[in-house]
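Per-entry structural report
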Amino acid sequence: MNVAAKAPVTHQEMAGAIRALAMDAVEKADSGHPGMPMGMADVATVLFTQFLKFDPADPHWPDRDRFVLSAGHGSMLLYALLYLTGYPGMTIDELKRFRQLGSKTPGHPEYGHAAGIETTTGPLGQGLGAAVGMALAERMLAARYGADLVDHRTYVVAGDGCLMEGISHEAIALAGHLRLSKLIVLWDDNAITIDGRVDLADSVDQIARFKAAGWDAWRINGHAPEEIAAALAKAQNSDRPVMIACKTTIAFGAPTKAGTHAAHGSPLGHAEITGARQALGWTAVPFDVPAPIATAWRQTGERSAKAHAAWKARRGAMRAETLAHYEADLAGRLDPRVGETILAFKQSATVAGAAQATRGASHKILDAVAKVQSNLIGGSADLTGSNNTKAAEMRAVTAADFSGRYIHYGVREHGMAAAMNGIALHGGFIPYGGTFLVFSDYSRPAIRLAALMGQRVIHVLTHDSIGLGEDGPTHQPIEHLAALRAIPNLNVFRPADAVETAEVWELALNSTKAPSAICLSRQNVPLVRRTHAHQNLSARGAYILRNVDGRRDVTFIATGSEVGIAVDAAQRLAAEGIQAAVVSVPCFELFAAQDAAYRAAVLGEAPRVGIEAALRQGWDAVLRPQDAFIGMTGFGASAPAAELYKTFGITVDSLLAAARAATHIETR
């Protein structure tokens, strides 16, 4: 960019820069979506030049407004804005490398690739869901530290597809219920999808829909700068979230493809770009922004510098103790007392020796940890009493009081998971939320994005097997552990007892670069860790729970509620002269990360038998082809848990038979 002296420029010229860069980058890549950036260029120009509070000199300024491109396929809109306003690292060469390996400009915005990208988007509706979490985090943080320190808005550009996806219903209902008045959605109402016109598949009155959910909503001409500015000014004063339907033309300015699905997901082509340049009055060569326009955009990037300086002054005037607490919250640091609390719980659980459901143990741990980690915030998808996720210290978050620490998400697993992503991305809080393991399917797309972004989001997934009993196969997870373990960078924990439950909570709270799924039992399980260990044995993913003297004849490998079965079987075999070790595997992912020598020492060379009340899929990480597996091969049934375990052969007797068959040792 050739930045020159100040020169008056028009709105059309500034918006034209976005349109031209989008056309050029998509054309050079021979891949991408030019239509949306061209259609929303006017809205984005007004937003960035007049309303958005941001500072490219400090992209992580905590009190910046958040800008979320939920319609992530239009990523060149965001990349062009980041380049034009002067974000570090977003150079013209990066725009030329759009959608190329290793660039800062991938096909859809990816968090962490470049400054100014607040969240990964692309799966439609996810950005909207995360933005609800960001707006909620802003209100909650403001309730703790005041408007002098926390006072910003969250803006979302959403497309027709975002509003068609089911997650949008969950997200807008939650935002409306909580009256998140600093959330402003700009709907790119261009009436076009990949297949053609929206009315091929949808005829929802979106204005009425948002209003019914408790939002303010109205329609404007998305190509009229004064109308856009007036709408955004009006939105600043609403007492509820706002949706502005911006009526736009996809690929605005393109001579034959404007307003058609041909401009949605394909380059415009040389002839069409030439015609668009003529129609828009854009005479610069590809990837060149004339100096006066470049200057105007760079000045836009400096527009909030005074507001930023004033914020720094207010922060500097805070009491030292309050400031330290605020900065610790933003940094996501754990209070040192968390580790002490976990250790104390482990000691008391070992002494008590009582059988209990791991969901119950989890509740006790949350009660204790919440007292010392004040930015730990919980929630549940209408299963609080079943998930045991509400700590005694926690009050409900409401539209009238955001100082609480517990969010009632309603029956909205997907919306909950996406909102937690937004809360984590915003900073200031450590979010966790609960549902049944079987309903993790509803949360999966957002869980996957948390893993892709490396966010500390904790999913508490109870009722983790056929052990939930009478609710039957609709609620009994069979394939879900395998499905979650298939997601890269997701730690899936399934603790065996109260002690392991404490350990996996400690690991999840310390997992700053990956989300966690903590899978917990409904039914009581015996305490298998009967000797206190100061060390977190679960931290290596698997460990020898019960060792043998001398040679191993067989190794039982188990997770969760089945570890107790393995211990009982090993004790029975010992009486028969068969030496069985028991390996507990609370986390396959952490075990896979250990060095080969440790893994070999834990697993041993003896025949192995795996046991888990789930599918075998994924167990090849610890079982060889010749090794046995005791578990599920199909759906469960409705019956008491003990009867189900017997019916499906997940029993001590089954382990004994498998061990004898594997070792070829007769009973002595």
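Not measured: the values here are computed from a predicted model. (Residues numbered from 1 in each chain as written. Predicted model: local features only at pLDDT ≥ 70, side-chain atom pairs only at ≥ 80, totals over all residues. Heavy atoms only, no water.)

1. Focus: the overall build of the protein chain
- Looking only at helices and strands, the protein chain has 26 helices and 18 strands in total.
- Taking 668 residues into account, the globule formula puts the C-alpha radius of gyration at 26 Å, and the protein chain, at 28 Å, falls close to it.
- Taken along the three principal axes of its C-alpha coordinates, the protein chain extends 95 × 55 × 45 Å.
- Here the protein chain, with 668 residues, has 63% of them falling under the buried criterion.
- If you take every contact in the protein chain between residues at least 6 apart in sequence, the share linking residues at least 24 apart comes to 78%.
- Computed over 62 positive and 65 negative side-chain charges, the separation of the two mean positions in the protein chain equals 4 Å. (Helix = DSSP H or I, 4+ residues; strand = E, 2+ residues; numbered from the N terminus. Rg over C-alpha atoms; globule rule 2.2 N^0.38 Å. Buried < 20%, exposed > 50% of the residue type's maximum accessible area, 1.4 Å probe, protein only. Contact = heavy atoms within 4.5 Å. Lys, Arg positive; Asp, Glu negative; His and termini not counted. Charge placed at Lys NZ, Arg CZ, Asp CG, Glu CD.)

2. Comments concerning the layout of surface pockets
- Each pocket or cavity is described by its volume, and for the largest pocket that value is around 800 Å³.
- Lining the largest pocket are 39 residues, and of these Tyr111, Leu330, Ala424, Leu425 and Gly427 lie nearest its centre.
- Those elements that place two or more of their residues in the lining of the largest pocket are α14 (320-331), α18 (413-426) and β9 (430-436).
- If one sorts the elements of the lining of the largest pocket by residue count, α14 sits on top with five residues.
- By residue class, the composition of the lining of the largest pocket is 18 nonpolar, 12 polar and nine charged.
- When its volume is computed, the second largest pocket comes out at roughly 240 Å³. (1 Å grid on protein atoms, 1.4 Å probe; cavity = no way out; pocket = protein on both sides within 12 Å on 5 of 7 lines; lining within 4 Å. Points joined across faces, edges and corners; volume = space filled by probe spheres on them. Nonpolar A, V, L, I, M, F, W, Y, C, P; charged D, E, K, R; others polar.)

3. Some points on the packing of aromatic side chains
- Under the defined criterion, the tally for this structure stands at 13 aromatic pairs.
- Arranged with centres 5.2 Å apart and planes meeting at 80°, the rings of Phe48 and Phe67 form a pair that is edge-to-face. Residue Phe48 is found in helix α3 (residues 41-51), and its partner Phe67 is found in strand β1 (residues 66-69); the two are separated by 19 residues along the sequence.
- What makes Phe48 buried here is its relative accessible area of 2%.
- Ring centres of Phe436 and Phe439 lie 5.8 Å apart, and the angle between their planes is 15°; on these two criteria the pair is classed as stacked. Comparing Phe436 with Phe439, the two get one shared label, buried.
- Each residue in the set Phe48, Phe54, Phe67 and Tyr87 is aromatic and connected to the rest through ring pairs, giving one cluster.
- The ring of Trp218 has Lys234 lying over it, and the distance from NZ or CZ to the ring centre is 4.0 Å. (Phe/Tyr/Trp six-rings, centres within 6.5 Å; stacked < 30°, edge-to-face > 60°. Lys NZ or Arg CZ within 6 Å of the ring centre and 35° of its normal.)

4. Some remarks on helix α21 (residues 498-510)
- With 13 residues, α21 should cover 18 Å at 1.5 Å per step; its first-to-last C-alpha distance of 19 Å lies within 8% of that length.
- Across the 13 residues that make up α21, a large majority, 12, are buried.
- All of the buried residues along α21 are Ala498, Val499, Glu500, Thr501, Ala502, Glu503, Val504, Trp505, Glu506, Leu507, Ala508 and Leu509. (Expected span 1.5 Å × (residues − 1).)

5. Description of the pattern of salt bridges
- If you walk through the whole model with that rule in mind, you get 28 salt bridges.
- A salt bridge links Arg485 to Glu612, with the nearest nitrogen and oxygen atoms 2.8 Å apart. On the criterion of sequence distance, the pair formed by Arg485 in helix α20 (residues 480-485) and Glu612 in the loop between β17 (608-611) and β18 (628-630) is long-range, its members being 127 residues apart.
- Residue classification places Arg485 among the buried positions, given a relative accessible area of 15%.
- Across the pair Glu503 and Arg529 runs a salt bridge, and its minimum N-O distance is 2.7 Å. Note that Glu503 is positioned in helix α21 and Arg529 in the loop between β13 (524-525) and β14 (543-546), a separation of 26 residues in sequence. A single burial state applies to Glu503 and to Arg529, both of which are buried.
- Through salt bridges with shared partners, a single ionic network connects Glu138, Arg139, Asp151 and Lys182. (Salt bridge = Lys/Arg side-chain N within 4 Å of Asp/Glu carboxyl O.)

6. Points about unusual backbone geometry
- Despite not being glycine, Arg179 has its phi angle at roughly 50°, a positive value.
- As for its placement among the helices and strands, Arg179 is situated in the loop between α8 (166-177) and β3 (183-189).
- Phi at Phe287 takes a positive value of approximately 65°, unusual for a residue other than glycine.
- In this structure, Phe287 sits in the loop between α11 (270-280) and α12 (291-301).

7. Some details on the packing of α3 against helix α10 (residues 225-235)
- Relative to each other, α3 and α10 sit at 55°, their axes nearing to 9 Å. Judged by the inter-axis angle, α3 sits oblique to α10. Regarding α3 and α10, the two cross each other, and that crossing is right-handed. Here α3 contributes Asp42, Val43, Val46, Leu47, Gln50 and Phe51 to the contact with α10, which in turn contributes Pro225, Ile228, Ala229, Leu232 and Ala233.
- A breakdown of the residues in the contact of α3 with α10 according to their chemical character gives nine nonpolar, one polar and one charged. (Axes fitted to C-alpha atoms, helices over the stretch in contact; angles between N-to-C directions. Parallel < 35°, antiparallel > 145°, perpendicular 65-115°, else oblique. Left-handed = near helix turned anticlockwise from the far one by under 90°.)

8. A few points about the sheet that holds strand β11 (residues 491-493)
- The strand order across the open sheet formed by six strands is β8-β7-β9-β10-β12-β11, and the pairing between neighbours is parallel. Looking at strand neighbours, the two that pair on one side only are β8 (406-408) and β11, the edges of this open sheet. When strand polarity is set aside, the average angle formed by the axes of neighbouring strands in this sheet is 20°.
- Two strands pair when backbone bridges link them, and β11 and strand β12 (residues 516-519) are joined in this way by three bridges, in the parallel orientation. Following the sheet pairing, Val492 is matched in β12 by Ala517. (Pairing = 2+ DSSP bridges.)

9. Describing empty space enclosed by the protein
- Scanning the entire structure with this criterion turns up three cavities of 30 Å³ or more.
- Taken as a whole, the largest cavity spans an internal volume of roughly 100 Å³.
- Surrounding the largest cavity, 13 residues form its lining, Phe54, Phe67, Tyr87, Gly116 and Glu118 being those nearest its centre.
- For the lining of the largest cavity, the secondary-structure elements that each account for two or more residues are β1 and α4 (75-85).
- Within the lining of the largest cavity, the residues separate by chemical class into eight nonpolar, one polar and four charged.

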